Amino acid sequence: MPLLAQAAAISQALSILAAPASPRLDFATVVREERQVSPGVSVISLRVPETPCEVRMAKFDLAADPKLKLRFVLGKEGRATRLTPEALAKKAARESGGKPVAALNGDFFLYEKGAKDGKPAEPARPFGITLVDGRLEEIGCWGPSGYEVVGRRADGSLGFGKLSSKGKGAEFRAFMDGAELVDAIRVWNRPLQNGKVIDGKNHVCYPNDDQKNYPRSIVGLGTNLVVFLVADARQLGWSLGMPSMHAAEILRREGCTDAGQFDGGGSTALWVEGEYLNRPSDGRPRAVANGLVITR
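For clarity, every value in this text was computed on a predicted model and none was experimentally measured.

Conventions adopted
- Residues numbered from 1 in each chain as written.
- Predicted model: local features only at pLDDT ≥ 70, side-chain atom pairs only at ≥ 80, totals over all residues.
- Heavy atoms only, no water.
- Helix = DSSP H or I, 4+ residues; strand = E, 2+ residues; numbered from the N terminus.
- Buried < 20%, exposed > 50% of the residue type's maximum accessible area, 1.4 Å probe, protein only.
- Polar contact = N/O pair within 3.5 Å; in protein donor to acceptor, adjacent residues only side chain to side chain.
- Pairing = 2+ DSSP bridges.
- Core = buried A, V, L, I, M, F, W, Y, C linked by side-chain atoms within 4.5 Å.
- Contact = heavy atoms within 4.5 Å.
- Phe/Tyr/Trp six-rings, centres within 6.5 Å; stacked < 30°, edge-to-face > 60°.
- Lys NZ or Arg CZ within 6 Å of the ring centre and 35° of its normal.
- Salt bridge = Lys/Arg side-chain N within 4 Å of Asp/Glu carboxyl O.

A. Region of the structure containing the side chain of Q235. Within the element layout of this structure, Q235 appears in the loop between β17 (225–231) and α3 (244–253). On the basis of relative accessible area, Q235 is assigned to the buried category, the value being 16%. Within polar-contact distance, the side chain of Q235 engages the backbone oxygen of R279 at 2.7 Å.

Dropping the structure here:
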């Protein structure tokens, strides 16, 4: 391993050890700053001094600017099967004829594999479905049913729910809690549901996730509201992370009623209006298999 990579790995390990076992979230000491960057779009920075943790959010008021639209994007273009959030935003803008506003990394994924021992190369693949404008662009490693997604229903409303499907090829149809979908990406848990912060200690993938200091990427939804949240971690002197329950409480206070969590770690990245708002723990934005984009 190169020396720089070794140093980065050691720094991340030390930061994990330095993070408090039972972090606190005291809103009396949280430092919050908000600025509007364009109509209907504001960016928010939060510093939680007790951990410490740096949180960045992009908040989209869909009623303030009807041109703002949430888009679901597969990280595939040309020969690439992963794209950075910035590249996802620009891809969505080109395909929609709009302008890129913001992007958040999406689902967990398997990295691409090169051809080996006579076997063909394998593309990167998200764990779950990527449904775009009614088209099944990626069925995902886990297949097209049985897990939670964030999606757009056929009536245009956004929400979260359990995915099911029927049919194949041109006959494929996806549903979220029985309602037909036109867009969808998998979320691995839902730390905020119907305005209630959910205890994540029994989650099958990450036990006690509600109390662990990970880098976080979460999308929150409210009435005419979309919020992208990232929390940096694994960086001594900058940010040591945040439990999912704390992120959910922050989103609730920002007006969200529901939220779903995406891939975190080095994938966590939020791009808005030409710049990344956070500091990815890899040292640079990671190319990912899918994500959410706002265009206008």
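B. Just the sheet that holds strand β3 (residues 53–61), in detail. Taking strand neighbours across the sheet as the criterion, the 8 strands line up as β1-β2-β3-β17-β16-β18-β14-β15 in an open arrangement whose pairing is antiparallel. Every other strand in the sheet has two partners, leaving β1 (31–38) and β15 (196–197) as the edge strands with one partner each. As defined by bridge partners, strand β16 (residues 216–222) adjoins strand β18 (residues 258–261) across 4 bridges and the pair is classed as antiparallel. In the strand pairing of β18, L221 is matched with D258.

C. Spatial organisation of the nonpolar core. Within the largest apolar cluster, 26 residues are counted, with the highest numbers of intra-cluster contacts made by F60, V150, V219, F228, F262, L292 and I294. Counting residues per element, the ones that place at least two in this core are β2 (41–48), β3, β4 (69–74), β5 (100–105), β16, β17, β19 (270–272) and β21 (290–295). Residues in contact with L292, not counting those within four places in the same chain, are L70, R71, F72, A102, A103, L104, V150, I185, V219, F228 and F262.

D. Fine view of unusual backbone geometry. Of note, the amide linkage connecting T51 to P52 takes the cis form, showing an omega dihedral of -5°. Looking at the element boundaries, P52 is found in the loop between β2 and β3. Not every positive phi belongs to a glycine, and D133 is a case in point at roughly 50°. In this structure, D133 sits in the loop between β8 (130–132) and β9 (135–138). Residues other than glycine seldom take positive phi values, yet E273 does so here, at roughly 45°. A relative accessible area of 36% places E273 in the partly exposed class.

E. Just the packing of aromatic side chains, in detail. Per the stated rule, a full pass over the model turns up 6 aromatic pairs. Judged by centre distance (6.3 Å) and plane angle (70°), the ring pair of W142 and Y147 falls under edge-to-face. By way of ring pairs, the aromatic residues F108, F127, W142, Y147 and W188 are connected into one cluster. The lysine or arginine in question, R253, covers the ring of F27, its NZ or CZ lying 3.7 Å from the ring centre.

F. Region of interest: the pattern of salt bridges. In this structure the tally under the stated criterion is 21 salt bridges. The partner of E77 in a salt bridge is R94, with the nearest N and O atoms 2.5 Å apart. Placement of E77 in the loop between β4 and α2 (85–96) and of R94 in helix α2 is noted, with a sequence separation of 17 residues between them. One salt bridge in this structure joins R186 and D107, with 2.9 Å as the shortest N-O distance. Taken as a pair, R186 in strand β13 (residues 179–186) and D107 in the loop between β5 and β6 (109–110) lie far apart in primary sequence, 79 residues in all.

G. Layout of the sheet that holds strand β20 (residues 275–276). Pairing in this open sheet of 5 strands is antiparallel, and the strands run β4-β21-β5-β19-β20 from one edge to the other. Edge positions in the sheet fall to β4 and β20, since each of these pairs with one other strand and no more. Bridge analysis of β19 against β20 gives 2 bridges, and the strand direction is antiparallel. Its bridge partner lying in β20, W271 is registered against Y276.

H. Main features of α3. Counted residue by residue, α3 has 7 buried out of 10 residues, so it is predominantly covered. Buried within α3 are the following residues: S244, H246, A247, A248, E249, I250 and L251. Positive backbone phi, approximately 110°, marks G255, located one or two places after α3.

I. Just the pairing of β3, in detail. Counting buried residues along β3, 8 of its 9 residues qualify, which places the element largely inside the surrounding structure. As defined by bridge partners, β2 adjoins β3 across 8 bridges and the pair is classed as antiparallel. Counted as the bridge partner of S42 is K59 from β3. If you look at the hairpin formed by β2 and β3, you'll find 4 residues sitting between the two strands. Two elements, β3 and β17, share 7 bridges in a ladder whose sense is antiparallel. Bridge pairing in β17 links M57 to L229.

J. Up close: the environment of L74. By secondary structure assignment, the location of L74 is in strand β4. Look at L74 and you get buried, because its relative accessible area is 7%. Between the C-alpha atoms of L74 and P126, which are 52 residues apart in sequence, the distance is 8.9 Å. Those residues within four positions of L74 in sequence are excluded, and the remaining contacts are L88, K91, T130, E137, E138, A289 and N290.

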